Amino acid sequence: MEPSLTLFDNMTQTREIQMLKTVLPYMKEEQKKQFAILIKYMELQNTIQVFSQEEKVLSMCSVDDNENNMLSMLNDLRKFCTEKEQETLDMLTNMFSMMETYETIFNSWPQEV
């Protein structure tokens, strides 16, 4: 399973930070800690900068209202999960789909007054 970048990662990571992360394993042991802290500091600065730009925050922190948010979230999580975790997500997805179907059927029945 190769991790992929999320929308948040894409907004807070830079090409330079990715390059620094790539170089880190090749550094001398005594330099790695300071370098890793520097990288995380740069990521924090980028995050602060992103959240100071309201339009970017709004686009990053919202999903389409027409989507079923729970099912969409579970499907988005799949790419970060192990095979066993994906099986659990599949079970949850099926459960939520069945509940949604039940709710649709139940709400379509005439209501008694």
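Position labels on residues start from 1 in each chain and follow its written sequence. Only residues with pLDDT of 70 or above have their local features reported here, since the model is predicted, and side-chain atom pairs are shown and tallied only from 80 upward, although totals for entire chains, interfaces and linings are computed over all residues. Only heavy atoms go into the side-chain values, all of them from the structure, while hydrogens and water stay out.

### Quick word on the packing of aromatic side chains
Stage number 1. Pairing of aromatic side chains requires ring centres within 6.5 Å, counting the rings of Phe and Tyr and the six-membered ring of Trp. Pairs whose planes differ by under 30 degrees are stacked, by over 60 edge-to-face, and all others tilted. Scanning the entire structure with this criterion turns up one aromatic pair.
Stage number 2. Geometrically, the ring pair formed by tyrosine 102 and phenylalanine 106 is stacked, given 6.0 Å between the ring centres and 15° between the ring planes. With tyrosine 102 and phenylalanine 106 both in helix 6 (residues 83–108), this residue pair falls four residues apart, about one helical turn. Numbered from the N terminus, helices here are DSSP runs of H or I no shorter than four residues, and strands are runs of E no shorter than two.

### What to know about a nonpolar patch on the surface
Stage number 1. Here a patch means residues that are over 30% exposed by relative accessible area and free of salt bridges, tied together within 9 Å if like-charged and within 5 Å if nonpolar (Val, Leu, Ile, Met, Phe, Trp, Tyr). Accessible surface area values rest on a Shrake-Rupley calculation with a 1.4 Å probe, where residue burial reflects the displayed protein chains alone. When a carboxyl oxygen of Asp or Glu is within 4 Å of a side-chain nitrogen of Lys or Arg, the pair counts as a salt bridge. On the surface, Tyr102, Ile105, Phe106 and Trp109 cluster together into a nonpolar patch covering about 490 Å² of accessible area.
Stage number 2. For each residue, the accessible area found with a 1.4 Å probe, counting protein chains only, is set against the maximum for its type, and the residue is called buried under 20%, exposed over 50%, and partly exposed in between. Overall, phenylalanine 106 belongs to the partly exposed group, its relative accessible area being 42%.

### Things to note about helix 3 (residues 29–51)
Stage number 1. The length a helix should cover is 1.5 Å for every residue beyond the first. Taking 1.5 Å as the rise per residue, helix 3 with 23 residues should run 33 Å; its terminal C-alpha atoms sit 34 Å apart, in good agreement.
Stage number 2. When we look at burial in helix 3, the residues that qualify are Phe35, Ile39, Glu43, Asn46, Thr47 and Val50.

### Considering the nonpolar core
Stage number 1. The term nonpolar core refers to a set of buried residues drawn from Ala, Val, Leu, Ile, Met, Phe, Trp, Tyr and Cys, joined through side-chain atoms within 4.5 Å. Ranked by size, the top nonpolar core spans five residues in total: Ile17, Leu24, Met27, Phe35 and Ile39.
Stage number 2. The contact criterion used is simple: two residues touch if any of their non-hydrogen atoms lie within 4.5 Å. Not counting residues up to four positions away in its chain, the partners in contact with isoleucine 17 are Thr12, Ile39, Met42, Glu43 and Asn46.

### Notes on the confidence of the model for the chain
Stage number 1. Across the chain, each position has a pLDDT score giving the predictor's confidence in that residue, from 0 to 100. A residue-level look at the chain finds 81% of positions with pLDDT of 70 or above and a mean pLDDT of 82.
Stage number 2. Averaged over each element, pLDDT in the chain is lowest for helix 4 (residues 54–60) (63) and highest for helix 3 (92).

### A word on the side chain of glutamine 13
Stage number 1. Of note, glutamine 13 is situated in the loop between helix 1 (7–12) and helix 2 (15–23).
Stage number 2. According to the relative accessible area criterion, glutamine 13 is buried, its value standing at 15%.
Stage number 3. Definition of a polar contact: a pair of N or O atoms within 3.5 Å, with one able to donate and the other able to accept a hydrogen when the atoms are protein atoms, and with sequence-neighbouring residues admitted only if both atoms are side-chain atoms. In this structure the side chain of glutamine 13 is engaged in a polar contact, spanning 3.4 Å, whose partner is the side chain of lysine 21.
Stage number 4. Only 2.9 Å separates the side chain of glutamine 13 from the side chain of glutamate 43, close enough to count as a polar contact.
Stage number 5. Filtering out sequence-adjacent residues up to four positions away, glutamine 13 remains in contact with Gln18, Lys21 and Glu43.

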